[in-house]
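Tertiary structure, described
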Amino acid sequence: MKIGLGIVLALLIAGGCAKKTVTQETKEELPPQPVAARVAPEPAKTLEGPYQAVVSYDLSKSRADLSAIEDEIRKATPQQYPQIETKLLEVLKSPEATVAGKQFACRMLERVGDQQSVPVLTALLEDEQLSHMARFALERMPSPAAAAGLREALNKAKGKLLVGIVASVGQKRDEQAIEKLTALALEPDPLVARAAVAALGKIGGAAAAKALEGLGSKAPQSLAELVAEARIASARQMPAADAVEIYKTLTDGKYSRPVRVAALAGWISASKLPERVKLILLTIEGDDEPMKTAAIGILTPNANSELRNTVAGAIPDLKPDAQLRLLTVFSDQRGTELRPALLKIIGANGDAAVRSAAIDALTTHGTPEDVPLLLELARKNGAEASAAQKTLQQMGANGIEEALLWLGDSQDRDAKVLIIRTLAARNSRIAVPMLMKVVTGTDRPLAGEASTALGIVGGTEHLAPLSEIVLTSEDAGVRRSAEGAIKAICARTADKESCAVVILPALEKAKSSDAKIGLIRVLSRLPIDKSLAAVTEAIKDSDEKVRDAAVRELADWPSIAAAPPLLQIAKGENPTHAVLALRGYIRLAGLKDRPAGERVGMYRKALETAQRVEEKKAALAGLGDVASVEALEILQHFLTVEQLKTDAAIAIVRLTKLLGASQNARMMALLTDLRGQAGLENARGQIDEGIKTLEQIAEQTQGYIVAWMTAGPYTEAGKNGGALFDVAFAPEKDEKVDWKPLIRPTDAADLWMIDLHKVIGDGNERVAYLKTNINSTRAQKAQLEIGSDDGVKVWVNGKVVHANNAARPLKQGDDKVKIDLKQGSNTLLLKITQGGGDWQACARLAGADGKKIADVQVGAE
């Protein structure tokens, strides 16, 4: 047998024959009513009501009357159909009836029509406007006359009408039309020929199959593929034994891969179980990838369980590639009996990749009985060991953890370590008693593993016994193990108070220095006020080792609350503690969630306190990450300190991305100056990159004002953003204002745009102010192009020049305002309102003609 490529669609038909006859154009599928249920129709009457309305219906009119007829049909019994049929036929016979009305009548006859409709409908088959609706109605009618009418029309119709009628004959599965369809399949019109071939396939059965077989040698090459597909469709409607012979023929190499795949799927489906299994295995071991995919696709979870289990049982005897493919298919199918094959593969000295795949498949198919084997494999090296470890960690069968615990009593240390790690990975709570026992044991390496595992599976209820170990054990290793478990539990427990109510009393009870130190080292995992108070109190302990542990723990404190005591220690006389504390303080200054001003203040204090160059360099590096003009000024100061000059310069370069938009000119001048200074040769490459970044930022913001000072937000109870437009706040009244430089977020994509939510803060029903200075070399007229979300009011040198109390999205240049600039300094002030949603603004300065303005400088200082 030659096996080749196919189409995945063929797999959909592998389950058997589909004999339902529904045309693609049929809107809804209703079963034909039995002839015996029908009664003789009444004589025709004059049309009235909705039926009369159908006569004059066109698509521009209401469908109310049509809907009334549809509703009548839905509610009617089969005995009432003939009366409705008669009225619909009168519509079709009426010379006044519109095309739309007749089409509707045909569509309704699909549901209620029978033998008396056949002559009227067959007469319409050659009408280009009504043929398709007429044939749809005939397709649904059980009367032999309907089939005969369609069959007779094959001799009259031409072109597209004939194509449609051929399709309807196929849907009727009219075996009496086979001879005529065979002749039409040889017609020169390709559409007719193709339709005839397809219809033969739909009719199916022995006679159609024989006709199609004969066409295989007579039809033109352009139809060869369609003839083969039709033979497959025909075979699906035949007895299995006869169908198999056709399928076998079509798997020959002379046919296309799609045909061969479909034929293979049909062959497998029509065969008895032993032959089906043989075909599947033979195909999967073959060389044709698409055919392999077709065969494998049959083995879905919905496929026959006996078939799947038989194929699964044969896997150990296949080639490695076939084994891997089938293991992939069955590994997640819980309903397939795969375990015996897996154990056989693992027990054999076969392909390593196949063995690893079999081990992996035990994740789904393994049982507690397989745990010893997997544990043995997991202790080895290589891919199989990794696969076994992963399987032990993820096996879903009940009793796996109990099996691991039972084995733990009889294994050596290496196996116990593996068991403990596996139980931790499985988050096994039932392992806690065993782990507590190991933590207090004499095997220190094993106790450490148990401690780590307890940190994963233990809970706050285990803190008390673990703390007792720290308090009472004389073995340093045991204490360390218990301490490690406490740290891990406290670190991942969200409720820090529940941990503190156990740990802090235990610390107060501690008598020995070792016990105190062990519990002090836990406190940074509980960064709450009580814990901070306890660690600062421990710094006063009479024991130097306890004090040292407390300072180190404070230096690792994760919250800003530790900053004041750290700074105090950094100023103390103990040089070791001072260095530790100052490093901790500098680390806290780097917390990105703190305001920029607070962070700069902390770095300034660190620089004032530091006695060593190392800590000063750390503080300077931190300043390079704070988007603040004040940070820039501090760094500029340290450019004069020879030991710190390079560090300050590199930090300034890092500030380029943060301040490059609002302080572009200033930073460009600074970096240009730094590039030529002696002593900065090692930083020159970074300085050049900073200059390039500034140039790119300037290009992106061409003409837009990006240097601003900000104030706000301002609100007033009971007033929304629109009402606040006319409320004068401090910036409008020459009152004291806390102006702050506008610093864009590092992730700002559009530098021309100011996102006030990110600059000022989230909120609705508020306003904010933006202020900058425009320095002009001469008195001149200029233009402001403003966009705002929502409203905007503009002052130039204290005079309102524009006001638009809008509620709108941001759009560049929405408002264009002519302004007068005096020679020298000009103050520009914007008020931006916020009702809800986005809160944004932008402003571009141009000449009076709207073109680039060259003789001005904008700065927010």
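Residues numbered from 1 in each chain as written. Predicted model: local features only at pLDDT ≥ 70, side-chain atom pairs only at ≥ 80, totals over all residues. Heavy atoms only, no water.

A few points about the side chain of Asp789
Considering the arrangement of structural elements, one finds Asp789 in strand E5 (residues 780-789). One buried charged residue, Asp789, forms no salt bridge at all, with the nearest opposite charge on Arg808 at 7.4 Å. Apart from residues lying up to four places away in sequence, Asp789 is in contact with Arg808, Pro809, Leu810, Ile832, Thr833, Gln834, Asp838, Trp839 and Gln840. (Helix = DSSP H or I, 4+ residues; strand = E, 2+ residues; numbered from the N terminus. Buried < 20%, exposed > 50% of the residue type's maximum accessible area, 1.4 Å probe, protein only. Lys, Arg positive; Asp, Glu negative; His and termini not counted. Salt bridge = Lys/Arg side-chain N within 4 Å of Asp/Glu carboxyl O. Contact = heavy atoms within 4.5 Å.)

Quick notes on helix H15 (residues 273-284)
With 12 residues, H15 should cover 16 Å at 1.5 Å per step; its first-to-last C-alpha distance of 17 Å lies within 8% of that length. Along H15, the residues classified as buried are Arg276, Val277, Leu279, Ile280, Leu281, Thr283 and Ile284. Contacts from the buried residues of H15 go to helix H14 (257-270), helix H16 (289-297), helix H17 (305-314) and helix H18 (320-330). (Expected span 1.5 Å × (residues − 1).)

Quick notes on helix H26 (residues 444-457)
Compared with an ideal rise of 1.5 Å per residue, which puts 14 residues at 20 Å, H26 spans 20 Å between its outermost C-alpha atoms and is within 8% of the ideal. All of the buried residues in H26 are Leu446, Ala447, Glu449, Ala450, Ser451, Ala453, Leu454, Gly455 and Val457. In this fold, the buried residues of H26 make contact with helix H24 (413-425), helix H25 (432-439), helix H27 (463-472) and helix H28 (476-492). Measuring from the backbone nitrogen of Leu446 back to the side-chain oxygen at the start of H26 gives 3.2 Å, which picks out Asp443 as the cap. (Polar contact = N/O pair within 3.5 Å; in protein donor to acceptor, adjacent residues only side chain to side chain.)

A look at the nonpolar core
Counting residues in each nonpolar core, the largest one holds 167 residues, and the members touching the most others are Leu326, Phe330, Leu338, Leu466, Leu623, Ile652 and Leu674. It is helix H38 (residues 645-659) that provides the largest number of residues to this core, a total of 8 residues. What Leu466 contacts, discounting residues up to four positions off in sequence, is Met436, Leu454, Ala482, Ala485, Ile486 and Ile489. In this structure, Leu66, Leu125, Phe136 and Val166 belong to the second largest nonpolar core, which totals 67 residues. (Core = buried A, V, L, I, M, F, W, Y, C linked by side-chain atoms within 4.5 Å.)

With respect to the packing of aromatic side chains
A ring pair, where both rings are aromatic, is described by two values, the distance of the centres and the angle of the planes. Applying the stated criterion to the full structure yields 3 aromatic pairs. Ring centres of Tyr704 and Trp752 lie 5.9 Å apart, and the angle between their planes is 40 degrees; on these two criteria the pair is classed as tilted. Here Tyr704 is found in the loop between helix H40 (684-700) and strand E1 (709-714), whereas its partner Trp752 is found in the loop between strand E2 (740-741) and strand E3 (754-755), with 48 residues between them in sequence. Given the relative accessible area of 18%, Tyr704 is considered buried. Measuring from centroid to centroid gives 5.6 Å for Tyr714 and Tyr769, while their planes differ by 80 degrees, and the two rings are edge-to-face. With a gap of 55 residues between them, Tyr714 in strand E1 and Tyr769 in strand E4 (residues 766-776) connect regions that are remote in the sequence. Three or more aromatic residues joined by ring pairs make a cluster, and in this case those are Tyr714, Phe729 and Tyr769. Residue placement shows Lys793 over the ring face of Phe725; its charged tip is 4.7 Å from the ring centre. (Phe/Tyr/Trp six-rings, centres within 6.5 Å; stacked < 30°, edge-to-face > 60°. Lys NZ or Arg CZ within 6 Å of the ring centre and 35° of its normal.)

Some words on the pairing of E5
Counting buried positions along E5 yields 9 of 10 residues, so the element is predominantly enclosed. When E5 meets strand E8 (residues 815-821), the two strands line up antiparallel, connected through 7 bridges. Residue Gln780 lies in a different strand from E8, and its bridge partner there is Leu821. Relative to strand E10 (residues 840-847), E5 runs antiparallel, the two being bridged by 8 bridges. By the bridge assignment for E10, Gly787 is matched with Cys842. (Pairing = 2+ DSSP bridges.)

Scope: geometric values only; no functional claims are made or implied.
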